[in-house]
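# A structural walkthrough
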Amino acid sequence: MTTLLWFKRDLRIHDHPALALAARDMLVVPLYIVEPDYWALSDTSGRQFAFLQESLADLQTALRGLGSDLVIRVGDAVQVLEDMYQAVKFDHMVSHEETGNAWTYTRDKRVGAWARGQGVRWTELPQSGVVRRLRGRDGWARQRNVFVGQAQVIAPKTLPPCALASDAIPNLCAPDPCPKRQTGGRDHALSVLGGFLTTRGQTYRRAMSSPLDGATACSRVSPHLALGALTIREVVQATAARQHEDKGGPRDGWGGSLKSFQSRLAWRDHFMQKLEDEPALETRCLHRAYEGMRPRQPDAARLAAWQSGETGLPFLDACMRSLQATGWLNFRMRAMVVSVASYHLWLDWRSTGQHLARMFTDYEPGIHWSQMQMQAGTTGINTPRIYNPIKQGTDQDPTGAFTRHWLPELADVPDRHLQTPWMWDGAGRVLGRVYPDPIIDVAEAARVARDRIFGMRRSVDWTETQRVIHKHASRKDSAGHFVNDRAPRKLTAKLRKAKQDDAQLTLDL
């Protein structure tokens, strides 16, 4: 029997249920398909493609160590699979379930139709806490915890040889300078995870809100989870092992930091589950009453200024420039840049979300689009958070080091006016010359946005809100922890008031 093992976003050999299943057969053909149409999408980028190529090279080395090889083909997935079928006549195809964007969802449906037409059995296996065809959120946490608690799957010691030739990988993306992005591949992933769990993560809990300290104190495993060089299960279990061996407890910083990290690993699956349950949330407001609240055609000048870090709001601009150069931002700054774009600039989350998707090396559609809507206030169940970019600058960059690094044109601005250079007596020497005047009045823009969003919330249909709560809201206790209890059949007045608010969480780890 010949089995085709289709690698997608699972670029590893350890804890790989699909590989273990395929290895039972006499002949295994490991395949990765580079899809030009995917890399032409508006939410993909050159930095992600470069990270992918590094991850593929690492996977290819690992498979060769087992006596096999990774066959890389370029083209449309259905056509590539048909060509492979004609070449090796496989009767079984194995892959992992994928919670991707709308394009990959449609592609998988096409592949499924092709497989049925050819009589090929396609087995898809889970690789995270995301549950296919989930009816509601009651009990979801229990299912997720069972999955991440299961034993990791050990890679086979050997695989049958595979002598099929690979295609050369063309350059499919436009130039995308990102000089400080992370490097792909499992070796790098393990190094990053090990460094976090033994050294860098000690200050995680208190440092993750800072764009400067968070770059070191955060785990930085998010891009490796996105492409599957690591599994959520092995990260959860490695963290649990570190928690078990930690002797200092909460006082040395490790206890609280590791606990917080475990919580965010659970939230990662929670947000991905939302897109799995409702793929349309990538393109449509989760709460349908919010469609049309903002213009679908964004203000081009505002959007361009926000994208390039030229809004005249120093801390916001520093965050956007940092993201361009590194492919990463810490969680609070991700929330802030979306909040300012959505409220102060009143830009639709779909246009800003496409840009951020391209900028993030760790782009994970399920987390990304769920968080875009949460921060834009279109879920109908989350309390709107209108971040003040001036206050965030003074709170999260009190010395100004981060802002000054990314905005050297403000070198002459004194510290006390760094986040409000328009209030400095010498502003005329800088604003409108080497740095733009602010494109909005922060306080007035926030006031207008607040009136709009809360006016909308007072008028929405509660029946639609109930639908969103049943399908997507977390089941939590008073401390904000996931619980396994069933939600009450009738929503109480307390729940109606609270709107089942999800935690302020991260697009990264």
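Residues numbered from 1 in each chain as written. Predicted model: local features only at pLDDT ≥ 70, side-chain atom pairs only at ≥ 80, totals over all residues. Heavy atoms only, no water.

Below, the discussion takes up helix 16 (residues 349-359). One full turn of an α-helix is made of 3.6 residues, so residues set three or four places apart face in the same direction. Most of helix 16 is tucked away: nine of the 11 residues are buried. Along helix 16, the residues that are buried comprise Trp 349, Arg 350, Ser 351, Thr 352, Gly 353, His 355, Leu 356, Ala 357 and Met 359. Next to the buried residues of helix 16 lie helix 3 (46-65), helix 13 (300-308), helix 14 (314-326), helix 15 (331-344) and helix 17 (365-376). (Buried < 20%, exposed > 50% of the residue type's maximum accessible area, 1.4 Å probe, protein only. Helix = DSSP H or I, 4+ residues; strand = E, 2+ residues; numbered from the N terminus. Contact = heavy atoms within 4.5 Å.)

Next up on the list: the state of the cysteines. Note on terminology: a disulfide is the covalent bond linking the sulfur atoms of two cysteines. Applying the stated rule across the entire model yields zero disulfides. Here Cys 319 is not cross-linked by a disulfide; its sulfur's nearest cysteine counterpart is in Cys 218, at 13 Å. (Disulfide = S-S within 2.5 Å.)

On to the sheet that holds strand 4 (residues 92-96). The strand order across the open sheet formed by five strands is 3-2-1-4-5, and the pairing between neighbours is parallel. Each edge of the open sheet is held by one strand with a lone partner, namely strand 3 (71-74) and strand 5 (121-125). Adjacent strand axes in the sheet meet at a mean angle of 30°, parallel and antiparallel pairs treated alike. As judged from the four bridges shared by strand 2 (residues 27-34) and strand 3, these two strands associate in the parallel manner. Looking at strand 3, one finds that Leu 31 is bridged to Val 71. Taken strand by strand, helix 3 contacts strand 1 (2-7), strand 2 and strand 3, and its axis lies near 170° from that of strand 2. Sitting on the sheet, helix 4 (residues 77-88) touches strand 1, strand 2, strand 3 and strand 4, and the angle it makes with strand 2 is about 155°. (Pairing = 2+ DSSP bridges. Axes fitted to C-alpha atoms, helices over the stretch in contact; angles between N-to-C directions.)

Moving on: the side chain of Asp 69. Here Asp 69 is to be found in the loop between helix 3 and strand 3. You can call Asp 69 buried: its relative accessible area is 16%. Here Arg 64 takes part through its side chain, which lies 3.1 Å from a polar atom of the side chain of Asp 69. With residues up to four places along the chain from it excluded, the contact list for Asp 69 reads Pro 30, Gln 60, Leu 63, Arg 64 and Cys 162. (Polar contact = N/O pair within 3.5 Å; in protein donor to acceptor, adjacent residues only side chain to side chain.)

Below, the discussion takes up helix 15. For helix 15, with 14 residues, the first-to-last C-alpha span of 19 Å sits near the 20 Å given by 1.5 Å per residue. Backbone geometry just after helix 15 places Trp 346 at a positive phi near 55°. (Expected span 1.5 Å × (residues − 1).)

Aromatic ring pairs: the centre-centre distance and the angle between the two ring planes describe each pair. Taken as a whole and judged by the stated rule, the model has 13 aromatic pairs. With centroids separated by 6.0 Å and ring planes inclined at 65°, the aromatic side chains of Trp 349 and Trp 369 adopt a geometry described as edge-to-face. Linking Trp 349 in helix 16 with Trp 369 in helix 17, this pair joins segments that are 20 residues apart in sequence. We note that Trp 349, like Trp 369, is buried. Over the ring of Trp 6 we find Lys 8, and its NZ or CZ is 4.6 Å from the ring centre. The ring of Trp 346 carries Arg 452 above its face, with NZ or CZ at 4.7 Å from the centroid. (Phe/Tyr/Trp six-rings, centres within 6.5 Å; stacked < 30°, edge-to-face > 60°. Lys NZ or Arg CZ within 6 Å of the ring centre and 35° of its normal.)

Time to look at the environment of Gln 143. Looking at the secondary structure, you find Gln 143 in helix 6 (residues 140-149). A residue is classified by how much of its surface remains accessible, and Gln 143, at 31% relative accessible area, is partly exposed. Spatially, the C-alpha atoms of Gln 143 and Thr 44 are 32 Å apart, while their sequence positions differ by 99 residues. When sequence neighbours within four positions are dropped, the list of residues in contact with Gln 143 reads Val 131 and Leu 134.

Looking now at the confidence of the model for the protein chain. Counting all residues, the mean pLDDT for the protein chain is 92, and 92% of those residues have values of 70 or more. Across residues 484-509, where pLDDT falls below 50, the model places 80 contacts with residues more than four positions away in sequence or in other chains. (pLDDT = per-residue confidence, 0-100.)

Below, the discussion takes up the side chain of Arg 294. Turning to its location among the elements, Arg 294 is positioned in the loop between helix 12 (254-277) and helix 13. For Arg 294, the side chain forms a polar contact with the main-chain oxygen of Ala 376, separated by 3.0 Å. Apart from residues lying up to four places away in sequence, Arg 294 is in contact with Ser 342, Tyr 343, Trp 346, Leu 347, Asp 348, Ala 376 and Thr 378.

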